[in-house]
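Understanding the architecture of this molecule
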Amino acid sequence: MCASICCAIRAILGKKGGRDVDFDLFPSGSAVVSEQVAVPGETVMKQGVAQGDGHVPLDPCLRYAMGVRTVVIERKSEMKAKVSWVEGMKFVGESESGHQVTLDGANPGEGASPMEMILLAVGGCSSIDVVSILEKARQSVTACHVELEGERADSVPRVFEKIHLKFVVTGKGLAEKQVARAVDLSMEKYCSVSLMLEKAVEITHSYQILEA
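Model, not experiment: these values are computed from the prediction.

1. Considering the overall build of the chain
Along the backbone of the chain there are 4 helices and 9 strands. Mapped in sequence order, the helices and strands of the chain form the string α-β-β-β-β-β-β-α-β-β-α-α-β. Counting across all 212 residues of the chain, residues that qualify as buried make up 29%. Summing over all exposed atoms, the chain offers an accessible surface of approximately 13,500 Å²; the carbon and sulfur share of this is 53%.

2. A few points about the sheet that holds strand β8 (residues 160–172)
Ordered in space as β7-β8-β9, the 3 strands form an open sheet in which the pairing is mixed. A strand with exactly one partner marks an edge of an open sheet, and here the two such strands are β7 (140–152) and β9 (202–211). Taking the axes of each pair of neighbouring strands and ignoring which way they run, one obtains an average angle of 15° across the sheet. With 12 bridges joining them, β7 and β8 adopt antiparallel strand pairing. Note on β8: the bridge partner recorded for Val146 is Phe167. The sheet contacts of helix α3 (residues 176–190) involve β8 and β9, and relative to β9 the element is tilted by about 155°.

3. Thoughts on the sheet that holds strand β5 (residues 90–95)
The strands making up a sheet are joined through hydrogen bonds of the backbone, oriented either antiparallel or parallel. On the basis of which strands lie adjacent, the open sheet formed by 3 strands has the order β4-β5-β6 and antiparallel pairing. With one partner strand each, in any of the chains shown, β4 (81–87) and β6 (100–104) form the two edges of the open sheet. Ignoring which end each strand starts from, the neighbouring axes of this sheet average 25° apart. Of the pairings in the sheet, the one linking β4 to β5 comprises 6 bridges and is antiparallel in character. What sits directly across from Val83, in β5, is Gly93.

4. A few points about helix α2 (residues 114–136)
Here α2 spans 33 Å end to end across 23 residues, near enough to the 33 Å set by a 1.5 Å rise per residue. Within the span of α2, buried status applies to Leu119, Val122, Gly123, Cys125, Ser126, Ser127, Asp129, Val130, Ile133 and Leu134. Buried-residue contacts for α2 involve β7, β8, α3 and α4 (192–197). Positive backbone phi, at 60°, marks Arg138, one or two positions downstream of α2.

5. A word on α3
Over its 15 residues, α3 extends 20 Å from the first C-alpha to the last, a length consistent with the 21 Å expected when each residue adds 1.5 Å. Within α3, the full set of buried residues consists of Val179, Ala180, Ala182, Val183, Ser186 and Met187. Looking at the buried residues of α3, the elements they touch are α2, β8, α4 and β9.

6. Some details on the environment of Met117
Tracing the sequence through the fold places Met117 in helix α2. Given a relative accessible area of 23%, Met117 falls into the partly exposed group. Put simply, Met117 and Val101 are 16 residues apart on the chain and 9.8 Å apart in space, counted from C-alpha to C-alpha. In contact with Met117, other than residues within four places in its own chain, are Val101, Leu103 and Ala112.

7. Thoughts on a negative patch on the surface
Judged by side-chain charge, Glu147, Glu149, Glu151, Asp154, Glu161 and Glu202 come together as a negatively charged surface patch. Per element, the largest residue contribution to the negative patch is 3 residues, and it comes from β7. Following the sequence through the fold, Glu147 ends up in strand β7.

8. Considerations on the environment of Leu185
By secondary structure assignment, the location of Leu185 is in helix α3. As for Leu185 and Ser126, which are separated by 59 residues in sequence, their C-alpha atoms are 9.4 Å apart. Beyond its immediate sequence surroundings of up to four residues, Leu185 is in contact with Ile133 and Tyr190.

9. Overview of the nonpolar core
Membership of the largest hydrophobic core comes to 19 residues, with the highest contact counts inside it found for Val130, Ile163, Leu165, Phe167 and Ile203. Sorting the residues of this core by element identifies α2, β8 and α3 as the ones contributing at least two each.

Rules and cut-offs
Residues numbered from 1 in each chain as written. Predicted model: local features only at pLDDT ≥ 70, side-chain atom pairs only at ≥ 80, totals over all residues. Heavy atoms only, no water. Helix = DSSP H or I, 4+ residues; strand = E, 2+ residues; numbered from the N terminus. Buried < 20%, exposed > 50% of the residue type's maximum accessible area, 1.4 Å probe, protein only. Areas by Shrake-Rupley, 256 points an atom, 1.4 Å probe, with all protein chains shown as cover. Pairing = 2+ DSSP bridges. Axes fitted to C-alpha atoms, helices over the stretch in contact; angles between N-to-C directions. Contact = heavy atoms within 4.5 Å. Expected span 1.5 Å × (residues − 1). Patch = residues over 30% accessible without salt bridge, like charges linked within 9 Å, V, L, I, M, F, W, Y side chains within 5 Å. Salt bridge = Lys/Arg side-chain N within 4 Å of Asp/Glu carboxyl O. Lys, Arg positive; Asp, Glu negative; His and termini not counted. Charge placed at Lys NZ, Arg CZ, Asp CG, Glu CD. Core = buried A, V, L, I, M, F, W, Y, C linked by side-chain atoms within 4.5 Å.

As structure tokens, then:
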């Protein structure tokens, strides 16, 4: 079945004269196919589903003026969680991986509020990226934390309107260029939480380097 999908994709590419192809397959033999076609002055994105019978419903009339064609079969993923009421405004959240966290809508409460959890999620997600990127760049990082400030709307719903992250990275002989690169890559490319939120929230960032 998987072989038939590969043959179908290669057949289409052969007819269209495409090149620079990258694709992968679902174990089930079906997949989501994304095609990007570059033509003068515009970029066209098309999507279709390749089934086990080898049918790939992509628009046959797309122009390949520049001869650039990319077919990518993307694996879709989902995440599950459960939030249970304990008492008062106290809840316990459990992730699919089995970890628990206490949330509390009372002020003061026995756990972080849902909005506080959003700030923590942004900080955690981006910090993981920054440390990982710096370690891969062979930077001697000894500590890293991020200070977050969020501005909320005055009226209900009191959504975040602005969030600022200040990364404080400590290490031995850290190269500022590498720290700046790590922070920028996280905030502009890798941090799923901040990239999701920035569609509705103004997110800014800065960094500070300390010598260990």
